[in-house]
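Fold and contact review
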Amino acid sequence: MNNFKPKIIAFCCYYCAYAAADVAGSLRLQYAPEVRLIEMPCSGRVDPVVILKAFEEGADGVYVAGCMEGDCHFLKGNIQAKKRVEHLQKVIAELGIEPERLAMYNLSGAQGDRFAEIANQFTERIKKLGPSPIKEGEMYNDNS
Amino acid sequence: MIIAEPKPIQEVAEYIKEYHKVLVVGCGGCTSVCLSGGETEADILATSLRILRKKEGQKLETVVTTATRQCEPEFIDGLKELVDEAEAVISLGCGVGVQFLAERFQEKWVLPALNTILAGGTVQPGQWEERCGLCGDCQLHLTGGICPVIRCAKSIQNGPCGGSQNGVCEISTEMPCAWQLIYEKLTVLNRLDLMLAYRPAKDWSKERSGGPRKMKREDAAL
Amino acid sequence: MKSCSGLEKVLTEGRFAVTAEIGPPKHASAEKIIEYAKMLKGWVDAVNITDNQTAIVRLSSIAAGVHLYNNGVEPVIQVTCRDRNRIAMQSDLMGAYSLGMCNVLCLSGDHQKFGNHPQAKNVYDVDSIQLIDMVRGMRDDKKFQCGEDIKEHQPKYFIGAVANPFADPFEFRVLRLEKKINAGADFIQTQSIFDMNRFEKFMNMVRQRGLHKKVHILAGVTPLKSARAARFIQKNVAGMIVPDEVIERMEKVEDQKGEGIKIATEQIQQLKKIEGVAGVHIMAINWEDMVPEIVEKAGLKNY
């Protein structure tokens, strides 16, 4: 399990997290290479089905990163995103996937350090949880 | 509208455990509006079912579609090809939708993904409440527009009963007493006389008790 | 013995049982019931009392049962699912037991549409099979339907159910009977039999599944008063079959009542020969005073 390299998908709002990733880059801050960023026009634009599909396709963890509450470019997109994530946590729990594998973070576009911190913390969390339970299915196939 | 809520996903997964290809049919009518059975919910359910199957190391093929309304033959006729190709059908319609699909596609198992719970409306975003008991004999003109048949836990016609206190029903402090509401409304309307008048035993033959009901409009028939 | 029932004793001992049926009056006097009790005493093993049959309000079956009981006739109280929920049913069943009732017949009940209160709300909180299971649970598991213990003095009923070999789908009728047996039915009273061929087929399937060994089946017999009455039943009563031959036979004779009694008597003799038939249940609707004569002519008076 030590060499477990999780697949992590981060849906990042263009106005904050994605910009913060740029800042982190220009500051030469190191952050977990397991995290794959997907640029979104707003965290509120993340489709719940897409989050579920990420898990279906083998993601070990997924997080949505949006602006600080009250700072959404589209007023309430990040609040909507937070509610969706909370709802989807219940859905994945029903499917036997730990709800901790899905998270919502808020940060501003200037917080390059915070961006790196989130990426590292979340990656650490997923490493502790181990591979997504969906991979149990692959074990069945190996045996057969 | 009809309000329905999703069944636990595991329960739906259990219904289809022997199938490898299912058609998941959302409904663009009431269940879409109450966020239980529309396009998005159908997609979420299908994905969830595939995830569950994948966890067991098996494959589930899902085809997702949404009918404008499952309670109209003309909107479900078009599903025929998709239904033919699937081993079973999961409906995210209300109980009516499931039955219309089951009747239309005689040879197929049509399985419910929702529990149909009430006829009501949206009281605030994300919250729906019961308003109509479908009794077939509307008496709202006597009660200030508040239905005691469905909003009183005892369907009392000459309320309120002795269990009404502080405006709430004896069965739940979260449930307003319908007769308290009627009392307040009729007071405002200065029509308390309506509440004083004896309401005779109701004709329940017009509701479910009298057997399955039908409505006909000759001029609408083809 | 599972219960305090005399009918159970007769059936367990393998004697051919005879039960009759009376409908309580549409008023509050027991006079007529007591009269029937006196008339039927000694002729039958038990007498059913209908529970507001055809959904017409009548004196309660339990109260009528007490009048029979006090006059030396063993009652079978009928309980339908139409008018009471599980709370009332269990309460009434305990109450009736405390008054000496030992037999209960569990049935769905006719829809109120056919009765004198078509505007009534029906209950059907539990169905007939669930009712059987509930009565059995109170007796054998010593539990209320909710699962709560009945700590003492459980009602110990001899549990009856009905079967209709003349309803559809025919093939399923035997399976439904089996469902009732599995739920806890000890004895069965069938719908009135006029179509003997169909009943023989039914009993054949019953024997194939070995059900006659698990339950006592009492075959339903109804004497026809006239060809007109027979024709009426044929045309208007759901779940009954009257073959044309029977009606024609009635039409041919002057004394139709006498012929009706004769047919009933012959039927009983035929039924007695069918393996698995443990007795007869005579439903002489509005003609209860004919029961002793039928019993006598059929040679069933064995005491």
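Residues numbered from 1 in each chain as written. Chains lettered and ligands numbered in written order. Predicted model: local features only at pLDDT ≥ 70, side-chain atom pairs only at ≥ 80, totals over all residues. Heavy atoms only, no water.

All names here are of chain C. The tally for this structure, following the rule as stated, stands at 39 salt bridges over all chains. A salt bridge links Lys 9 to Glu 13; the shortest N-O distance between them is 3.1 Å. On the basis of relative accessible area, Glu 13 is assigned to the partly exposed category, the value being 48%. (Salt bridge = Lys/Arg side-chain N within 4 Å of Asp/Glu carboxyl O. Buried < 20%, exposed > 50% of the residue type's maximum accessible area, 1.4 Å probe, protein only.)

This part covers the domain arrangement of chain B. The domains assigned to chain B are domain 1 (2–118) and domain 2 (133–205). Summarising the inter-unit geometry, the C-alpha centres of domain 1 of chain B and domain 2 of chain B are found 38 Å apart. (Domains from an automatic or database assignment.)

Our focus in this paragraph is the interface of chain B and chain C. In this assembly, 10 residues from chain B lie in contact with seven residues from chain C. Around 590 Å² of area is buried between chain B and chain C when both sides are counted, 41% of it from carbon and sulfur atoms. Counting the surface chain B buries against chain C, the share from its top three residues, Asp 203, Trp 204 and Ser 209 of chain B, is 58%. The tally of links between chain B and chain C comes to zero salt bridges. Linking chain B with chain C are six residue pairs in polar contact (both at pLDDT 80 or more). For the side of chain B that touches chain C, a count of residues per class yields one nonpolar, five polar and four charged. (Contact = heavy atoms within 4.5 Å. Buried area = accessible area lost by both parts, 1.4 Å probe. Polar contact = N/O pair within 3.5 Å; in protein donor to acceptor, adjacent residues only side chain to side chain. Nonpolar A, V, L, I, M, F, W, Y, C, P; charged D, E, K, R; others polar.)

Size it by volume and the second largest pocket reaches roughly 1100 Å³. Lining the second largest pocket are 32 residues; nearest its centre among them are His 87 of chain A together with Leu 35, Ser 36, Glu 41 and Ile 44 of chain B. Those elements that provide at least two residues to the lining of the second largest pocket are α3 (77–94) of chain A together with α3 (39–55) of chain B. If one sorts the elements of the lining of the second largest pocket by residue count, α3 of chain A sits on top with 10 residues. (1 Å grid on protein atoms, 1.4 Å probe; cavity = no way out; pocket = protein on both sides within 12 Å on 5 of 7 lines; lining within 4 Å. Points joined across faces, edges and corners; volume = space filled by probe spheres on them. Helix = DSSP H or I, 4+ residues; strand = E, 2+ residues; numbered from the N terminus.)

Cis geometry is found at the peptide bond from Gly 159 of chain B to Pro 160 of chain B, where omega equals -5°. Along the chain, Asp 168 of chain C connects to Pro 169 of chain C via a cis peptide bond; the corresponding omega equals -15°. A positive phi angle, near 45°, is found at Asn 52 of chain C, a position not held by glycine. Topologically, Asn 52 of chain C is positioned in the loop between β2 (46–49) and α3 (61–70). Here Lys 142 of chain C, not a glycine, exhibits a phi torsion of approximately 55°, which is positive. On the accessibility criterion, Lys 142 of chain C (39% relative accessible area) is partly exposed.

A few words now on the environment of Cys 135 of chain B. Residues and elements named next belong to chain B. Within the secondary structure, Cys 135 sits in the loop between β7 (127–132) and α7 (148–151). Cys 135 sits 70 residues away from Ser 205 along the chain, and the two C-alpha atoms are 8.8 Å apart. Cys 135 has contacts with Val 149, Lys 202, Lys 206, Glu 207 and Arg 213, leaving out every residue within four places of it along the chain.

Nonpolar side chains tend to gather and get buried jointly when the protein is soluble and globular. Phe 199 and Leu 271 of chain C are the most contacted members of the largest nonpolar core, which has 74 residues in total. The element that contributes the greatest number of residues to this core is helix α5 (residues 128–141) of chain C, accounting for six residues. If near-sequence neighbours (up to four positions away) are discounted, Phe 199 of chain C is found in contact with Pro 165, Phe 166, Thr 190, Ile 193, Ala 219, Leu 271, Ile 274 and Val 277 of chain C. The next biggest cluster of nonpolar side chains, apart from the first, holds 44 residues, and it includes Ile 9, Val 46, Ala 81 and Val 85 of chain A. (Core = buried A, V, L, I, M, F, W, Y, C linked by side-chain atoms within 4.5 Å.)

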